[in-house]
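Each chain is listed here by its residues.
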Amino acid sequence: NAVQGVSEEKTIEDLQTFNVTHKLDYMETTGNDVVIGYNGDQLVFTTYPDDPAAITIEDSEGKTIGVTAVENSENIFRIDDSRYDWITVKPAVDENKNHYILITTDQREWPFVIAETGVKYVAGAGNTVSLHKVPSIGWENNQAFGSGRGYIWSRTIPMLKDTLVLGHGADTYCIYFPQEDYVGKYNSGTFSESLNITVDKPHNMYFGTIIGTGGISMLALLILWASYIVQSIILYYKREYKGYLTFVGVGIFLGIFGFLVAGLVNDSTVSVMPMFYGLLGTGIAVNMILKNQTNSIQ
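1. Regarding the sheet that holds strand E2 (residues 33-38)
Moving on, step 1. What the four strands build is an open sheet, ordered E1-E2-E3-E4; its pairing is antiparallel. Of all the strands in the sheet, just strand E1 (26-30) and strand E4 (55-59) have a single pairing partner and so form its edges. Each adjacent strand pair in this sheet contributes to an overall mean axis angle of 15°, direction not counted.
Moving on, step 2. In this sheet, strand E3 (residues 41-47) lies alongside E2 in antiparallel orientation, the contact comprising six bridges. Each bridged residue has a counterpart across the sheet, and for Val 35 the counterpart in E3 is Val 44.

Structure representation (structure tokens):
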């Protein structure tokens, strides 16, 4: 599978939602074991580097589970347990004599390479990674919300605890996002067919600011924006709309306010932010002029 990126040319809105029949709780690689969590239970596949063709399967209680060969298939075995009869396993070997265990869930194949250092998941471009539980908060039953934003936000919120004061640095979001959360992408529906896609933006301007430059910078921006909004509401609420400058001020205010609302589901971009802050500065200047005019009349 080729590694793809969420960029200006390809956004999460371009991805099609895919329905997953059996959503996994997690998938872990620990030593020579592949552990699959499902419906509060777990299935453990134990591999043996000295004998790669041998695989032991146990449930969470340590009970050994057998397998049955799938008819009209080559070396594919189905789990002999009604709880997991939608999972198949297949031993495999490549041209370099590397041994694998291919686990399939609802037609999704999960390849794991068996090595002396332990079993690893084979991701895009042949990269091998260790799988682990990834923390998430919210959108448990609706991760496809907002073309996958529910999934992205549920993984982003736990990241915020590390940047409540100082951020990781501008445009470093994709480095710290748990890209190895293949099970989460699989369950999301939106990313189910593109597990190797790189999530490089939070699709929320406020989350992106906190992770990039920190909570202190986000607080400073909120104070600036809130001050302008409150000042504008007080200034234009009962004002007589006479004169060109008043309409300019209202127009800028509505544009700024609308942009800040849109920032809840979109990211800040280099092409837009200079215009935003230019208009914000102009709006503040217009408010000051109108306020001084009002005070001089009084």
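2. Here we look at the packing of helix H4 (residues 205-213) against helix H5 (residues 215-236)
Moving on, step 1. In the contact formed by H4 and H5, the axes pass within 7 Å of each other and the chain directions differ by 135°. Considering their axes alone, H4 and H5 lie oblique with respect to each other. For the pair formed by H4 and H5, the contact residues are Met 205, Tyr 206, Thr 209, Ile 210 and Thr 213 on the first element and Gly 215, Ser 217, Met 218, Leu 221, Leu 222 and Trp 225 on the second.
Moving on, step 2. Tallied by class, the residues present in the contact of H4 with H5 amount to seven nonpolar, four polar and no charged.

3. A look at unusual backbone geometry
Moving on, step 1. Although it is not a glycine, Ser 147 sits at a positive phi angle of roughly 55°.
Moving on, step 2. When you line up the elements, Ser 147 lands in helix H1 (residues 145-156).
Moving on, step 3. A relative accessible area of 31% places Ser 147 in the partly exposed class.
Moving on, step 4. The backbone of His 203 sits at a positive phi, close to 55°, despite the residue not being glycine.
Moving on, step 5. Within the fold, His 203 resides in the loop between helix H3 (182-188) and H4.

4. Overview of the packing of aromatic side chains
Two aromatic rings are characterised by how far apart their centres lie and by the angle between their planes.
Moving on, step 1. The full count for this structure, using the stated rule, is 18 aromatic pairs.
Moving on, step 2. Ring geometry for Tyr 121 against Tyr 182: centres 4.9 Å apart, planes inclined by 45°, an arrangement best described as tilted. Taken together, the residues span a long stretch of sequence, with Tyr 121 in strand E10 (residues 118-122) and Tyr 182 in helix H3 at a distance of 61 residues. Tyr 182 shares its class with Tyr 121; the two are buried.
Moving on, step 3. Where Tyr 151 meets Phe 177, the ring centres are 6.2 Å apart and the plane angle is 75°; that geometry is what we call edge-to-face. Taken together, the residues Tyr 151 in helix H1 and Phe 177 in the loop between helix H2 (173-176) and H3 connect sequence positions 26 residues apart. The same class applies to Tyr 151 and to Phe 177, which are both buried.
Moving on, step 4. In this structure an aromatic cluster arises from ring pairing among Trp 110, Phe 112, Tyr 121, Tyr 182 and Tyr 186.
Moving on, step 5. Taking NZ or CZ as reference, Lys 133 lies 4.3 Å from the ring centre of Tyr 26, over its face.

5. Concerning the pairing of strand E9 (residues 108-115)
Moving on, step 1. A large share of E9 lies buried, amounting to six of its eight residues.
Moving on, step 2. If you look at the hairpin formed by strand E8 (residues 99-105) and E9, you'll find two residues sitting between the two strands, and Asp 106 has a positive phi there, around 50°.
Moving on, step 3. Relative to E10, E9 runs antiparallel, the two sharing four bridges. When the sheet's bridge partners are listed, Phe 112 is paired in E10 with Tyr 121.
Moving on, step 4. The turn joining E9 and E10, which pair antiparallel and follow one another in sequence, is formed by two residues.

6. Considerations on the layout of surface pockets
Moving on, step 1. Reported here for the largest pocket is a volume of approximately 570 Å³.
Moving on, step 2. Taken together, 24 residues make up the lining of the largest pocket; nearest its centre are Ala 170, Asp 171, Gly 208, Thr 209 and Ser 268.
Moving on, step 3. For the lining of the largest pocket, the secondary-structure elements that each account for two or more residues are H2, H4, H5 and helix H7 (273-297).
Moving on, step 4. If you tally residues by element for the lining of the largest pocket, the top one is H4, at five residues.
Moving on, step 5. The residue inventory of the lining of the largest pocket, partitioned by class, reads ten nonpolar, ten polar and four charged.
Moving on, step 6. Estimated volume of the second largest pocket: approximately 390 Å³.

7. A look at a nonpolar patch on the surface
Moving on, step 1. A cluster of nonpolar side chains, contributed by Leu 164, Val 165, Leu 166 and Ile 216, occupies part of the molecular surface with about 420 Å² of accessible area.
Moving on, step 2. In this structure, Leu 166 sits in the loop between H1 and H2.
Moving on, step 3. Of the residues examined, Leu 166 reaches a relative accessible area of 60% and is grouped as exposed.

Rules and cut-offs
Residues numbered from 1 in each chain as written. Predicted model: local features only at pLDDT ≥ 70, side-chain atom pairs only at ≥ 80, totals over all residues. Heavy atoms only, no water. Pairing = 2+ DSSP bridges. Helix = DSSP H or I, 4+ residues; strand = E, 2+ residues; numbered from the N terminus. Axes fitted to C-alpha atoms, helices over the stretch in contact; angles between N-to-C directions. Parallel < 35°, antiparallel > 145°, perpendicular 65-115°, else oblique. Contact = heavy atoms within 4.5 Å. Nonpolar A, V, L, I, M, F, W, Y, C, P; charged D, E, K, R; others polar. Buried < 20%, exposed > 50% of the residue type's maximum accessible area, 1.4 Å probe, protein only. Phe/Tyr/Trp six-rings, centres within 6.5 Å; stacked < 30°, edge-to-face > 60°. Lys NZ or Arg CZ within 6 Å of the ring centre and 35° of its normal. 1 Å grid on protein atoms, 1.4 Å probe; cavity = no way out; pocket = protein on both sides within 12 Å on 5 of 7 lines; lining within 4 Å. Points joined across faces, edges and corners; volume = space filled by probe spheres on them. Patch = residues over 30% accessible without salt bridge, like charges linked within 9 Å, V, L, I, M, F, W, Y side chains within 5 Å. Areas by Shrake-Rupley, 256 points an atom, 1.4 Å probe, with all protein chains shown as cover. Salt bridge = Lys/Arg side-chain N within 4 Å of Asp/Glu carboxyl O.

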